[in-house]
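Tertiary structure, described
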Amino acid sequence: MEKLFDFHFHLLFKHLITVNQAGKKFALNENVRTTGLAQFLNDIFGGPFDSQASPKQVSESSLRLGVIALLSVEHAFANRVLHVFGADLSGVLPLDKDVFDRTKNGLTTYYAEFNKQIDFHLKTAAELSKPPFTIEYLNRSSWAGLTEQQITDKLTLGDKRYFSFSIEGGHNLSDVAIHQKTPSRFPELKLKELQDRADVDFISINLCHLSHIPEQTLGGFAQGLNKTSQLAFSSEDFMPKTGLGLTELGKKVIRQALTHETKPILIDVKHMSVYTRLHYYRFREQLAITNPAVEQLPIMTSHTGFTFYTLDDYLQNKRFRSTPDTENGVPISKVAPENRRIGRTNDIINKGLFGNPWTINLFDEEIVEIMLSKGLIGISLDQRILGASNLAIDSNRDPFFEEEYIARPEWEKMFRDGKLPGATESLFGGIAPSKQERHIMLLCLHLVHAARVGYAGLNWIENTSPWDHLCIGSDFDGLINPINGFDNVIDLNKLQGQLLKYLPQADKFLPFNTDQKALRYKDDGTVDAAFLNQVIDQFLFNNGLRFTVRFLQNWKTG
Amino acid sequence: MIPRWRVVQQVADRFGYREPLFKEGEKKLEKFRDGELPLVSLEDDLNRVQLRLRREGVSTLAAVERINGIANFQDKNVLDRLSDIARAVCRLLKNGQPIGTGFLVSDDIIITNHHVIESPQDAANMLAQFEFELDINQIPKKASCFKLNASKFFLTSTLEYNADILNSGLDFTLIALEPFGTSGEPLSGFSPVNLDGNQGKIIKGESCVIIQHPNGLPKKVVLKDTAFFSETDTRLIYESDTLPGSSGSMVVGLGTCEIIALHHSGLPRVDEQNRILTKKGTVATPDTPDDEIDWFGNEGIKISKIIQAIQESTLPPDMGKIRETLLRKTRVVAQQLNQPVPAGPLSVSSPAKPLAAPKLIPSSSNELAMDTAFSTSPTGQAQFLITAHNKTATINQIETVLKAVYGPNVTLSLTMPGSAVEGEIELFTLQFPFGGDLNAEAQNLLKIPGIINAEADTPILLNADTGFVVQQPAKGAGTESGFLFDDGTGKWNEDDFINDYAESKYYKGMPELTYRKWNWAATNFDKIRLVKTPSECGIQIVQFDTGFTDHSKVKGGFDLDHDFNFLDTDDPTVAADPRTIGLGKQPGHGTRTGSLLIGNRNTLIPHEGNCGLLADYQFKLIPYRIAETVVIINRQQQLASALDMAISQGFDIITMSMGLPPTIATAKMAKKAYEKGIIWCCAAGNEVQAVVAPAVYPGTIAVAASNPLDREWSGSSRGSAVDITAPGEAVYVPIWTADQKEDFAYGNGTSYATPHIAAAAACWLATYQDVLSKPEYSGWKRVEAFRVALGKSARRENDLPRKGFGHGMLDVEKLLKTPPEPAKNLVDAYNGWNESAFFATLQGYGELAKTYWNKFHGWLFGTKRGGQESLSATGDTLSPFGKQLENSLFANQPSRFESVEPTGAETALKRFQVVNSIVENSAR
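Just so it is clear, the structure is predicted and the values come from calculations on it, not from any experiment.

1. Points about the overall build of chain A
When helices and strands are counted, chain A shows 20 helices and 16 strands. Buried residues in chain A amount to 56% of all 558 residues.

2. Some remarks on the overall build of chain B
Helix and strand counts for chain B come out as 23 helices and 30 strands. Looking at chain B residue by residue over its 924 residues, the buried ones come to 61%. Across chain B, every contact between residues at least 6 apart in sequence was considered, and the portion connecting residues at least 24 apart equals 76%.

3. Focus: the sheet that holds strand 5 (residues 144-157) of chain B
Residues and elements named next belong to chain B. With antiparallel pairing, 6 strands are arranged side by side around a closed barrel as 1-2-3-6-5-4. When strand polarity is set aside, the average angle formed by the axes of neighbouring strands in this sheet is 45°. Sitting on the sheet, helix 7 (residues 317-338) is in contact with strand 2 (97-106), strand 3 (109-112) and strand 5, with an inclination near 80° to strand 2.

4. Structural notes on the interface of chain B and chain A
Where interface size is quoted, it is often the accessible area lost as the parts come together. Facing 24 residues of chain B, the contacting portion of chain A comprises 22 residues. Every element with two or more residues in the side of chain B that touches chain A is listed here: helix 9 (392-406), strand 15 (411-414) and helix 15 (636-649) of chain B. Here the element with the most residues in the side of chain B that touches chain A is strand 15 of chain B; it accounts for 4 residues. Looking at the side of chain B that touches chain A, its residues break down into 8 nonpolar, 14 polar and 2 charged.

5. Brief notes about helix 19 (residues 495-509) of chain A
Residues and elements named next belong to chain A. A rise of 1.5 Å per residue sets the reference length of helix 19, with its 15 residues, at 21 Å; its end C-alpha atoms lie 20 Å apart and thus fit the reference within 8%. The principal kink in helix 19, of about 35°, is found at Y502, preceding the proline P504 by one to four residues. When we look at burial in helix 19, the residues that qualify are L495, Q498, L499, Y502, L503, P504, Q505, A506 and D507.

6. Brief notes about the pairing of strand 27 (residues 701-706) of chain B
Residues and elements named next belong to chain B. Where burial is concerned, most of strand 27 is hidden: 6 out of the 6 residues are buried. Of the two faces of strand 27, the one holding I701, V703 and A705 and the one holding A702, A704 and S706 are both buried throughout. Of the strand pairs in this sheet, strand 26 (residues 679-683) and strand 27 are connected by 3 bridges, and their pairing is parallel. If you follow A683 over to strand 27, its bridge partner there is V703. Examined bridge by bridge, strand 27 and strand 28 (residues 724-727) share 4 bridges and lie parallel to one another. Note that in strand 28 the partner of S706 across the bridge is P727.

7. Brief notes about the environment of N921 of chain B
The residue N921 of chain B is located in helix 23 (residues 905-923) in this model. On a C-alpha basis, the gap between N921 of chain B and N834 of chain B in space is 9.6 Å, while along the polypeptide they are 87 residues apart.

8. What to know about the packing of helix 10 (residues 187-196) of chain A against helix 12 (residues 248-259) of chain A
Residues and elements named next belong to chain A. Look at helix 10 against helix 12: their axes get within 8 Å of each other, and the N-to-C directions meet at 20°. Judged on the interaxial angle alone, helix 12 and helix 10 are roughly parallel. For the element pair helix 10 and helix 12, the recorded crossing hand is right-handed. Contacts from P187, E188, L191 and K192 of helix 10 reach helix 12 at L249, K252, V253, Q256 and A257.

9. Describing the sheet that holds strand 8 (residues 220-221) of chain B
Residues and elements named next belong to chain B. As summarised here, the arrangement of the 7 strands in space is 8-7-11-12-13-10-9, forming an open sheet in which the pairing is antiparallel. Sheet topology places strand 8 and strand 9 (228-231) at the edges, where each strand pairs with a single neighbour. As judged from the 3 bridges shared by strand 9 and strand 10 (residues 235-238), these two strands associate in the antiparallel manner. Along strand 10, the bridge assignment pairs S230 with I237.

10. Side note on the packing of helix 6 (residues 303-312) of chain B against helix 7 of chain B
Residues and elements named next belong to chain B. The N-to-C vectors of helix 6 and helix 7 enclose an angle of 135°; their axes lie 10 Å apart at closest approach. If you check the angle between helix 6 and helix 7, you find them oblique. Like other packed secondary-structure pairs, helix 6 and helix 7 cross with a definite hand, here left-handed. Taken together, the residues of helix 7 that come into contact with helix 6 (itself represented by I307, I310 and Q311) are R323, L326, L327 and T330.

11. Some words on the UniProt feature "active site" (unreviewed entry) in chain B
All names here are of chain B. UniProt feature "active site" (unreviewed entry): in the numbering of this structure it lies at D545, H589 and S751. Considering the C-alpha atoms alone, the annotated residues occupy 207 residues of sequence yet fold into one spot, their largest mutual distance being 10.3 Å. Examined against the element boundaries, D545 turns out to sit in strand 21 (residues 541-545). Residue D545 is classed as buried on the basis of its C-beta count, with 28 C-beta atoms lying within 10 Å. Filtering out sequence-adjacent residues up to four positions away, D545 remains in contact with H589, G590, T593, P623, S657 and M658.

12. Let's talk about helix 17 (residues 408-415) of chain A
Of all 8 residues that make up helix 17 of chain A, 7 are buried, and the element is covered over most of its length. All buried positions along helix 17 of chain A are accounted for by R408, P409, E410, W411, K413, M414 and F415 of chain A.

13. Let's talk about the environment of E185 of chain B
Residues and elements named next belong to chain B. Tracing the chain through its elements places E185 in the loop between strand 6 (172-177) and strand 7 (208-212). Of the residues examined, E185 has 15 C-beta atoms within 10 Å and is grouped as partly exposed. For the pair E185 and S144, spaced 41 residues apart in the sequence, the C-alpha separation amounts to 7.3 Å. Setting aside chain neighbours within four positions, we find E185 in contact with S144 and F180.

14. Considering the environment of V453 of chain A
Residues and elements named next belong to chain A. Tracing the sequence through the fold places V453 in helix 18 (residues 435-457). When the C-alpha atoms of V453 and A518 are compared, they prove to be 8.9 Å apart, with 65 residues separating the residues in sequence. Not counting the four nearest positions on each side in its chain, V453 is found in contact with D364, I367, V368 and N513.

What counts and what doesn't
Residues numbered from 1 in each chain as written. Chains lettered and ligands numbered in written order. Predicted model: local features only at pLDDT ≥ 70, side-chain atom pairs only at ≥ 80, totals over all residues. Helix = DSSP H or I, 4+ residues; strand = E, 2+ residues; numbered from the N terminus. Buried ≥ 20, exposed ≤ 12 C-beta atoms within 10 Å, placed from the backbone. Contact = placed C-beta atoms within 7 Å. Pairing = 2+ DSSP bridges. Axes fitted to C-alpha atoms, helices over the stretch in contact; angles between N-to-C directions. Nonpolar A, V, L, I, M, F, W, Y, C, P; charged D, E, K, R; others polar. Expected span 1.5 Å × (residues − 1). Bend = angle between axes of the 7 residues up to and from the residue. Parallel < 35°, antiparallel > 145°, perpendicular 65-115°, else oblique. Left-handed = near helix turned anticlockwise from the far one by under 90°. UniProt positions renumbered as here; feature names shortened; annotations may be inferred.

This is the structure:
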């Protein structure tokens, strides 16, 4: 395998927020590594503290194209870093105290911190452009005037690695003191500032991230942090409690992002609550009425999993149990989705495989919606997002999955009575091994599922297919717990072989849409190897390549 | 036994000054009998109406229909029931002589008046004689006599009120009887009539029946003209014939067959010195025969008060157990009243034509006229707003204590969760099952560690559209301004306008399309040209009001993507004002005030004239429906939720043309909005002179009203809290005529002044967005920058009073040329505002302020048209603490004992102003 595309990873984030044992910053050619107790913690939490996609690792990998997500550390992370079971373990970790302290105490703004991130990337760009890294950051202005073919050639020929930037979380646009009383009122103007910059360019922005930002609410977010991490960071802000769809402020940000004259920025729906995502799809359509150019801008999600449900089925048939409650004086609602068995392996003991039906993951209708917009779906390599549980034996589960928090107003709208909110109803019009191997199987099941849903839900003309809209979104270095066997970006080199082996099995075992196969088969029932290789190439690189080309042509083609 | 004359004289002394009130009730009753008023609108206590309806056990509308019909038709079983109840009534004999009436209220306890049995000693030589009555052949039945046993149970409340004695002045005595009669007959042969202390057993205008032994005669029942028509805090006033000896008899509500009162005395007419008058008008003496005295009616002690007294009495343990049997029914019924009212179509069970059941105008909403008008929490589920530190540990601890005190069904939740800040003092909504005095309980809540302030979240009348009912409190009778009626309809009144303002520079020599827009000229809105419009800058205004309608003037001007309904309805996402016409509904307020912002420029409505100040900028107003009518807000929680939503959505400006008395919750809300940098434009208030909440708080922008002569509108509130003045008298707004046609009229109110400031704010924010978007103008500085610019640019050439109207008239042209003050020069409006002193004072006086406010506004809204008499909110009864406070404040006033009576709107208003100024001054 020669080339990879990764829709979502973090190149220097860990370098920025950590220090080595001597209290100094890690060098660019060093990996952030934990030792001793910290290493123990790292292992317990699934390895989020060790580097997964550092420049050094990237240089040793097949990664050639991708998107680096930039973000400032949220208050919820900084507030109580690792107070596990009452003990303060933050000192054990190689974290840069300054970054965390000023965030925690409101001595800085997210926008200021975000700009430091940009500066750091730009400052180190010269060094990283040299071997062995050979990294170049993409900026539409320097590719203007080139033809599609010229761009494709430039991106694929030669040894360079080309990465775009994305903004992970609208909180990065807040210019008021972090987590204090004063609200941020002009995030859209900050975004405009970023769009107007000549030295940096962004392909996308996530409206939300993992936590509630009380000083700047842009829209509802979905609970993403798993139980252990919640324990570690112990902040109520990780649990969605308030909010109903996009706020007016959120719409201003979206409008600004999508309607910038020369540098529109795509909205990445990852981390939005399901209600907010539906709200966004509708808002995007409204926006396109007055701004036809918006139609050209695809819907995308950079690092997601699937619920393996249609939203219609999930809500109408109440594939969850839920109760509203009050917790510490705040009205809350928790929803425990039914566990969804999505496939099996040949492992006799550990046969069943389950998805993660939390609403942070996409529903089938959304997969179709994204494909319809010529968008791209990055499949996360976070084992939790793909549905794995940490238990050794994970073959049988309770009828219900772990509870997730849903903001009370959104719960009232969708989950209480189990129905789609009136305004969004028209949106869909009624569509409907070893441990290591288990995880790659999960990834394959996701791919097969998306392909089948896409085949079933849309008409595909010759030479197009649902496989055009899927790619890797590893989230490496985003404090994630990667799927087994793929602990960092270098390991992705093994991906092609694994996909060749497991995709056909996933297509065999996935129990949904069974009359619609994701792969092609010959008359004798064997897998069409050429097609298999083609879709794997698309997933690993070509889809990302095409998307990047369109980005560099400012979405005028494709 | 206390002589009858002393009882009557005591009644005269105590209640003589309330005669006007009783007369008012009497008058209404006459109107009802003449068919001018529906029965349910005689009652001014909404809670009582609601509970009365609930007792019917059918849907609200059906219940209204049934109750309205009761005046003429009764089910026959009422007779059976009365017959049963009557068996519990006994004649009381002392030394063989009849001295009064009593009745069995538990297996072996009777109740009578204190003035019949004053002490246990009195009970010696007394007998309770049952079945002293004639059979159907007019032959006396065999009566049964039982001796009294004061040692088993005795509880009394004196005739006279004594402030030092809890629950005195209720003139009742409860005493036990021996289990077997003088001839050995068991007492168990007589079924008691258990007392129900819950409200809603009768509403004004309904009939009552007195079962009695007048003059010691065989048992009698009064069956003619016997309506309940007025009341005091502890007494019901009703018609009916009684004679001496009826003291202590039962008064039964005919509609529910429940005991509503313990009859106590006749109510005589009196002169100014409270001397009892004869029918000839002369002063009566103790020797005047009963039938020569000019009786107003009769009065009885409310059962609810007696039950409360029983509950609160201190008794020896043995008697304490018996007390439980006396309270049982009250508890059971309280639970039943908490059950949901069955939904359902209009009942057709009553053959009587309803006199005036509320009409429903077809609407898309599911709201029922009555259901929502009375969507106050039923007894049993109490809601409070408290302040406390928003810290997990604090909240958990408060919750733990609350659950220990009030049981497991306590819920405590952030009132504004979207904008709450951890560690700050925030507002919380507290709810638990509770049937007692909410105001008293609010004070009790302060004992719970961690609770800083507490108030009952009871309905509050709104100060909003009083401008059209210009009444002179002193004269006691309202006069309409000739513009709008309480059903929201009105008539074109340009003749009046021309008459009144012939000399106005905005009128004289102007074409009609110009003078109808005089408010533009007065504020220079006609002279501005915007470089950047509010819409282009994403600046939005939220309107807290009654919602939107489809009046052509405002059609298309409301933002229907973002409207929201904060009332308790099925679909919160639609803020439509269904223009439901019913009890006290005055729809269209949001339409009239909104028209000044977004009213379309050209419509085909006759008398076309004015349009919205932002109409040219493709501006959409976002309606948040916080009140169903301009009359009443059911819970402050609804206002808080609206503000919370406005803050989390990131809106810039709120326009609110409705006012409340100062409350803990509104004070917190105003500060929150200020900190979040929302410009909250608030009407200063109408008819009450004092600036109302939230305008009165430092954080909001308070707007007073002027007229076409650049003078003050006489009804406008005024004071140091006012920031600016804008046209509010004779402003041209859209209405519906009585036949539901669209039209215009000139209306009055600070309600109309307020949108001018909101529009000015939107234009100013747009003009200076580049500067104002800098971080140094975040939070309150934005609001303050606007306030300073507003003041600097105000037009000082005017004929407004020099004080109390802020900096003068709005001049938007000059405002837009006034850049924001450098941020470092801006001063926090809350500097010099002693918040802790303010809350401490409000904690004490809030209940009085709210009560007087509701009294005054209840009176103010009482208009003659449509048969809808005054509505007043619940919570009108002062807690013991409130009474004490009132006592200390208004000690020389006649109402020192039962203060809460509407001694007239004037008194209520004066008292409100006194209390309000104490509260306001406490912070400064």
